[in-house]
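Chain by chain, the residues run as shown.
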Amino acid sequence: MFSILIVRSAIAPPEDLTTRARIRDAAMRLFPELGYDAASVRRIAREAGVSPALVLHHYGSKEGLLQACDHHLVERYRQIKDDAIAGGMFNPAFMSSAMAESRTLMKYLAWAMASNRPDAAALFDEMMAEAVTVSRVSIEKGYLTGSHDLEARTALQLAMQIGLAVLHEHVERVTGIDLFSEEGIRRATPLLLEIYSGLFDPDLLAELVETLPGRA
C-alpha cells in the first residue's frame, strides 16, 4: 500500500544522525534530481556540508555511495513495513509523521527503477524479497487475504507502488494529487484502498481510513 510505504517511522535510526548518513541522504536527493553523472562527489559533498574527501573516506567512490543508497532504501522499506504491521498503520501519529524522508525515498526509488541502471534488477529483487516476507506476516495477522501465488501477487503489488512513484508527476497533472505530500496522501489513500478492497479485510479498510491525517 503506497501510503504505508512512504510514511516513515516516527523515530529515526541512530545512524541517521551521523555524517555518513547526511552524505547518503544528500546523494539520495541529488541522484534523482541531477542524474548519476551530474551528481558529482563535489556537489554531493556541498549538499551534505562536508568535504569531497570525507565522502570518499566514508564510501570509497561514487559507486560505493550509490550502493549504500540502494541498501538504505531497502532497509527503510523493511523498517517502515514492520512498524506498520506492528501497529503503526493504526496510529495517527505514525501516519502523520514527517514527509521529508518519504518524499526522498520514493523519488529515489522511482529514479532507480526508471533509469535503466544495470543494478536496477538487483534492487527490485531485494525489495521483492522484503515485500514477500512482509506479506506473509500480514496474512498471518489477518491483515491480508492469502494467495495461491503470493510471490507473483507481491511482485505485481510492488510494481504498482513503483509505478505510482514513477508516474507521480502525471498523476498530479491530471488529478491535482501530489502523492509526495501529506494532503495528497490523505486524498489518495481512500481511493487506493478502494482499489485494494479485494485484498484487504473490509473492517481493516475502514479502520485504516480513520487513521488518515486530518480526519476528524
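Along each chain, numbering runs from 1 in the same order as the chain's sequence is written. Residue-level local features of this predicted model are given only where pLDDT is at least 70; pairs of side-chain atoms are given and counted only at 80 or more, and the full residue set underlies all totals for whole chains, interfaces and linings. Side-chain measures here rest on the full set of heavy atoms in the structure, leaving out hydrogens and waters.

## Focus: the environment of Ala27
Quick note on the threshold: Counting from the N terminus, the helices are DSSP H or I runs at least four residues long and the strands are E runs at least two residues long. The criterion used for residue contact is that any of the two residues' heavy atoms lie within 4.5 Å.
Topologically, Ala27 is positioned in helix H2 (residues 19–34). Spatially, the C-alpha atoms of Ala27 and Ile44 are 5.8 Å apart, while their sequence positions differ by 17 residues. Leave out the neighbours within four places in its chain, and Ala27 touches Pro32, Ile44, Leu65 and Cys69.

## Describing the side chain of Ser135
Tracing the chain through its elements places Ser135 in helix H8 (residues 120–140). What Ser135 contacts, discounting residues up to four positions off in sequence, is Leu144, Leu150 and Thr154.

## Overview of the packing of aromatic side chains
We apply this condition: Note on ring pairs: Phe, Tyr and Trp rings are taken, using the six-membered ring of Trp, and paired if centres are within 6.5 Å. Classes follow the plane angle, with under 30 degrees stacked, over 60 edge-to-face and the rest tilted. Per-residue accessibility, obtained with a 1.4 Å probe over protein chains only, is compared with the maximum for each type, and a residue is labelled buried under 20%, exposed over 50%, and partly exposed between these values.
Inspection of the entire model under this criterion finds three aromatic pairs. An angle of 15° between the planes, with centres 5.7 Å apart, marks the rings of Phe31 and Trp111 as stacked. In this pair, Phe31 sits in helix H2 while Trp111 sits in helix H7 (residues 100–114), placing the two residues 80 residues apart along the sequence. Under the relative-accessibility criterion, Phe31 is labelled buried at 0%. Classification of Trp111 as buried rests on a relative accessible area of 13%.

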